[in-house]
Amino acid sequence: MKRFGRRSGWVLFFIMLTLSLFGREVDITVEDADLSIPLEGAVIRIGTGTESVQYVCDEDGRARITLPDGRPALIQAAYPGYENRRLSIAPDVSVFTVQLKLGGIMENRELVLEASRPGASETRSGRSVAISGEELTRTAEIGIIEDVMSSIKLLPGVGYAGMFNAMPSIRGGDPGDLMAVLDGFYISNPYHWGGGISIFDPKMISSAQLSHGVFSTRYGHTISGLLEITSKKPNPTETEVDLGLSTSTTNLNISFPLWGKGGVLVMGRVTYWDPLVWAAKALATVWTSNEPLQAIHSVSTAPYIRSGALSANYRFTTDTEFALNGFFGTDGVGAAYRNDYDDDEVKGDIDMDFDYHNYQGFGIGSFIWNPIPSMVLRTTAGAGFTELMAKGAIKNDVTVAYNQEFLSTYGDTLRIRGINLSGGTYHAPDINAAIDSDNKFSHAQGRVDLDWDLGKGFLIAGGVQELFTQWQEYEGIDVFIEQPIPLIVLTEGVETVQNLALFNPWDPAFQTARVIHPFRYEMNVKNEAFMSSAYSLLEYKTPNQRFGGELGFRVDHIYFIGNDTSLESQYTLQTAPALNPRLNVDFGILNNYGPIDSLTATVGTGLFSSINDSISFMEQRTGLNDFDMKPNRSWTSVLGTKIDFGWGISFNIEGYYKYVFDRAYITTNMKENTTDLVFNFDGEGRVWGFDFQLMKLQSRYWDGWISYTFTHARYREPSRVAAEGSGDVGDNWYWPSFHRFHNFNLVFNFKPIKQLSISGRFGFASGNPVNKVGEVIAPYPVEVVEYRDGKYIEKRWDEDSQSFVEVKNGEQPTIIQKFRRESWYDDNERSPWALPLDIKISFYIFDRKGRVQTEIYLATENLLSLVYTPQGNVTFNDYTGRVDAGANVASYGLPIPMVSFGFKWSY
């Protein structure tokens, strides 16, 4: 092996110092792909331009080079007369072969190695798992919507969430606890369609890292999982174009250089689901037995996404760099449903309209400076906004016939009270509802991070962060609600209902009597919060990699400013500082022992904190004082081991225990036609489990991984009181709705020839908790009323005005019959297992120089829905008691396979 170098002061010193302290040696062989002949003289360069260190392969085509330890390296291989090739070397690979094919003449093409900065995406046992390169592309770029979360949901520790749900549970944590970070910038709402998919198009990122263990104190604001996204950087020397067209989406990426010192990358995505909705409606018309599919007829505005992103960077000198990221997106959907129905018991028509629109955007700027070769200073600042608007109404004009059982049970009792049901029908009011929502969120944040390599295996880091968030929330909801009359007597007094026709405490029928009345909930708040954080950490690793550790300390504080618009007043709250120490210890047990390349073990423990989003609509009447409000907290401990075998195979298994405390939740107090929200901060949870991943790294013919997750998660809300006989869980321990015991994923990629790739993902997941339901019970009487001036006023249906009006002297109020079915929490009741299966077949076309690549693909998602769909509880009509033929689908996905095809072109 020969080494050539051009020395230029600080740059060379910094490169050599970094590699010597955190380096690992890798033997790279470059050979002819067809003849397996070593290519003597292939050049390998670390760094760019004149500030570089070069390596040249010897007569056997081999070069021993030093790479950053524990971090992936992107390589670009070349040799005169051969095609250019780029690929990634995994963090723990020590031997690697690069095969090049004959092609056009290459001028000054070399193998370029790019080391990631501290804190960049990397897989580390006990802390995080990263995905990038072909693994990310293959699992995320599939189906009608390409989404990075499609890849994340296949990793160990992640609970199954369904096709259209980008908010999975991470190691038994609440889905809302997952925090996303883009290049160090916290993203408060990284979702389209209300959480259906994420905003992270695979075309806009280079890698994703899910941190679900005891991760670094560099980040906080989560107690379960951190999703770190690294944006894709533009090529500083060449123009690149990526175009993708499919049945539902068009993507376009254009990257152009800036004088060899940086570049600009512009990305855009547009969806057009109208053809898919049209096809689904046509299928629903002929496949009438598929009850869940019939809902497609209500879609008036097909779901849409319009988004654009920008990534730019510029290196002023070898020691200073500026980076800029931006994003703007909008999404929405509309529904309009009209239907008339007429049978023996129910006649009427239903009219429903709903519109949902979401707008969001953010901009991030960062400045990176190396004041000395062993130090990196990074400053980041940015701001963003989200506006989510929803407006809808449903009006159901229904006339229902009394059944004989109801007339026999309550006819005589009501006749004594002056109510004659001989007419045989009544008008039902309670399906009428409306919602008007306009929620605006804006945030600004800044952070300063410093990493300093002290030498001899020591590194220290520290930083400060400030996150400001403002919520402006308006909610107006109009509905009809039912209340038992005996309960009203107990809570509000007998005088409020004693004038009602159904008020008869001496009749046994009174115990089942209820009232139904219009109810309006309105909220209008403008709240703000300053979230201040500071952290420090110390890392150490012995030269022989046998021992390493990371000790960190983080403190988070929240200062809350409430603006209650209903009271036109302002108030403030603050939390006690949350102290979050974290410790990880790594052991290198074996190295190059038989078939084992390396065997490592990790143990870690630490505290975490986050703020619950529910404080965004906190009002002054909640009555909280300073330090009553608390951040969610968790204490997490992890024990893991990782084995790297030859042949690019690795196995990682981790066990963990997590105790959740001070968890926020909301209870309600309803009295006198109003609802008060009560904020509680004493929730707790106990979560334990294990997960593993068996992975075959990228190879010529096949690769992929198997992941399995077992989770045991129990939660409790001590201040929640269950009404007697309600079946609610109350203050008892329970399985949360997102919990699943077992989650299994198989990801595979088979490449029989270079031009063909067959990839897929199959999984199974045990069911999530659902309420247990009983039989539909006998009908009961309900009187239509209105709450006014401390009393419930009787109402009747007026045909002239087509509305309910107040009952005058001698007029008869409206009494309706209702059926109900008891529903209660049961520890043993769960939905059926989910069995997702997705397949993608890709054909590739390459030009001779390797600069243009075309992919033509056909993909099918949810393939097994042709023969199996997990079903929920069977529904029923609460006016007639009739059990419906269909059942709810127990997953976030369409009940049919989703087929897509398209092509992608890159230059």
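Since this is a predicted model, take the numbers as computed values, not measurements. (Residues numbered from 1 in each chain as written. Predicted model: local features only at pLDDT ≥ 70, side-chain atom pairs only at ≥ 80, totals over all residues. Heavy atoms only, no water.)

1. Observations concerning the overall build of the chain
Check the secondary structure of the chain and you find 6 helices and 48 strands. In the chain, which comprises 907 residues, the proportion classed as buried is 51%. Relative to all contacts within the chain whose residues are 6 or more apart in sequence, the contacts with residues 24 or more apart total 70%. A total of about 39,700 Å² of accessible surface is found on the chain, and carbon and sulfur atoms cover 58% of it. (Helix = DSSP H or I, 4+ residues; strand = E, 2+ residues; numbered from the N terminus. Buried < 20%, exposed > 50% of the residue type's maximum accessible area, 1.4 Å probe, protein only. Contact = heavy atoms within 4.5 Å. Areas by Shrake-Rupley, 256 points an atom, 1.4 Å probe, with all protein chains shown as cover.)

2. Overview of helix α5 (residues 404-416)
With 13 residues, α5 extends 19 Å between its outermost C-alpha atoms, agreeing within 8% with the 18 Å of an ideal straight helix rising 1.5 Å per residue. Along α5, the sharpest kink reaches roughly 50°, centred on Y410. Among the residues making up α5, those that are buried are F406, Y410, G411, T413 and L414. The elements touched by buried residues of α5 are β39 (780-788) and β42 (815-818). Phi turns positive, to about 90°, at G418, one or two residues after α5. (Expected span 1.5 Å × (residues − 1). Bend = angle between axes of the 7 residues up to and from the residue.)

3. Observations regarding helix α6 (residues 485-492)
Among the residues of α6, I485, P486, I488 and E492 are the ones counted as buried. What you see down the axis of α6 is that its buried residues fit within an arc of 165°, all on one side. Immediately downstream of α6, the backbone of G493 shows phi near 105°, a positive value. (Arc of directions from axis to C-beta.)

4. Description of the side chain of R514
Position of R514 relative to the elements: it lies in strand β27 (residues 514-541). If we skip the residues at most four places from it in the chain, R514 touches E482, Q483, P484, I485, L502, Y780, P781, V782, E783 and R820.

5. Comments concerning the sheet that holds strand β12 (residues 185-187)
Strands sit in the order β10-β15-β16-β11-β12 across an open sheet of 5 strands; the sheet is mixed. Strand pairing shows two members of the sheet lacking a second neighbour, β10 (128-132) and β12, which therefore form its edges. With strand direction ignored, the average angle separating the axes of adjacent strands in the sheet is 25°. In this sheet, strand β15 (residues 205-211) lies alongside β10 in antiparallel orientation, the contact comprising 5 bridges. (Pairing = 2+ DSSP bridges. Axes fitted to C-alpha atoms, helices over the stretch in contact; angles between N-to-C directions.)

6. Focus on the pairing of strand β19 (residues 262-271)
Regular strands have side chains that alternate between both faces of the sheet. Counting buried positions over the 10 residues of β19 gives 7, a clear majority of the element. In the sheet, strand β18 (residues 249-257) pairs with β19 via 9 bridges, with the strands oriented antiparallel. By the bridge assignment for β19, S255 is matched with L265. Taken together, β18 and the strand that follows it, β19, pair antiparallel across an intervening segment of 4 residues, in which W259 is found at a positive phi of about 55°.

7. Some words on the side chain of S248
Tracing the backbone shows S248 in the loop between β17 (240-246) and β18. S248 sits in the buried class, given a relative accessible area of 0%. If we skip the residues at most four places from it in the chain, S248 touches I144, V270, T271, Y272, W273 and L276.

8. Quick word on the pattern of salt bridges
In total, this model carries 36 salt bridges according to the counting rule given. Two residues, D878 and K818, come together in a salt bridge whose shortest N-O distance is 3.8 Å. Taken as a pair, D878 in the loop between β46 (871-876) and β47 (883-889) and K818 in strand β42 lie far apart in primary sequence, 60 residues in all. Linking K840 and E855 is a salt bridge whose minimum nitrogen-to-oxygen distance equals 3.4 Å. (Salt bridge = Lys/Arg side-chain N within 4 Å of Asp/Glu carboxyl O.)

9. As for the packing of aromatic side chains
Applying the stated criterion to the full structure yields 29 aromatic pairs. Ring geometry for Y402 against Y426: centres 5.0 Å apart, planes inclined by 40°, an arrangement best described as tilted. Taken together, the residues span a long stretch of sequence, with Y402 in the loop between β23 (375-401) and α5 and Y426 in strand β24 (residues 425-428) at a distance of 24 residues. On the basis of relative accessibility, which here comes to 4%, the residue Y426 falls in the buried class. Their ring planes at 50° and their centres at 5.9 Å tell us that F690 and Y708 sit as a pair that is tilted. One end of the pair, F690, is in strand β34 (residues 674-696); the other, Y708, is in strand β35 (residues 702-716), and 18 residues separate them in sequence. Taking the relative accessible area as the measure of exposure, F690 reaches 32% and is therefore partly exposed. Among the aromatic side chains, those forming a connected cluster through ring pairs are F651, W688, F690, F692, Y708, F710, W735 and F741. Note that K818 overlies the ring of Y879, its terminal NZ or CZ placed 5.5 Å from the centroid. (Phe/Tyr/Trp six-rings, centres within 6.5 Å; stacked < 30°, edge-to-face > 60°. Lys NZ or Arg CZ within 6 Å of the ring centre and 35° of its normal.)

10. Examining the environment of D798
Among the structural elements, D798 can be located in strand β40 (residues 791-798). Spatially, the C-alpha atom of D798 lies 9.6 Å from that of H427, the residues being 371 residues apart in sequence. If we skip the residues at most four places from it in the chain, D798 touches S803 and V805. Within the structure, the side chain of D798 is placed 2.7 Å from the side chain of S801, a separation counted as a polar contact. (Polar contact = N/O pair within 3.5 Å; in protein donor to acceptor, adjacent residues only side chain to side chain.)

11. Some thoughts on the pairing of strand β30 (residues 578-593)
Pairing between β30 and strand β31 (residues 596-610): 10 bridges, direction antiparallel. Along β31, the bridge assignment pairs L590 with L599.

12. Brief notes about the environment of G767
With respect to the element layout, G767 can be found in the loop between β37 (756-765) and β38 (772-776). Discounting chain neighbours no more than four positions away, the residues touching G767 are H739, R740, R830, S831, P832 and W833.

13. Focus: unusual backbone geometry
Positive phi, close to 55°, is recorded for Q802, a residue that is not glycine. In this structure, N862 is a non-glycine residue whose phi angle is positive, near 60°. Mapped onto the fold, N862 is located in the loop between β45 (853-861) and β46.

14. Quick word on a nonpolar patch on the surface
Side chains of I372, W452, L454, F458, I460 and L538 sit close together on the surface and give an oily, nonpolar patch of about 470 Å² of accessible area. Note on placement: W452 falls in strand β25 (residues 433-455). (Patch = residues over 30% accessible without salt bridge, like charges linked within 9 Å, V, L, I, M, F, W, Y side chains within 5 Å.)

15. Considering the confidence of the model for the chain
Residues of the chain with pLDDT of at least 70 account for 85%, and the chain-wide mean is 82. By mean pLDDT, the top-scoring element of the chain is β35 (95), and the lowest-scoring one is strand β1 (residues 2-6) (35). Here residues 1-22 scores under 50 on pLDDT; set against residues more than four positions off or in separate chains, the count is 46 contacts. Taken together, the stretch residues 104-120 has pLDDT below 50 and engages in 57 contacts with residues farther than four places along the chain or on a different chain. (pLDDT = per-residue confidence, 0-100.)

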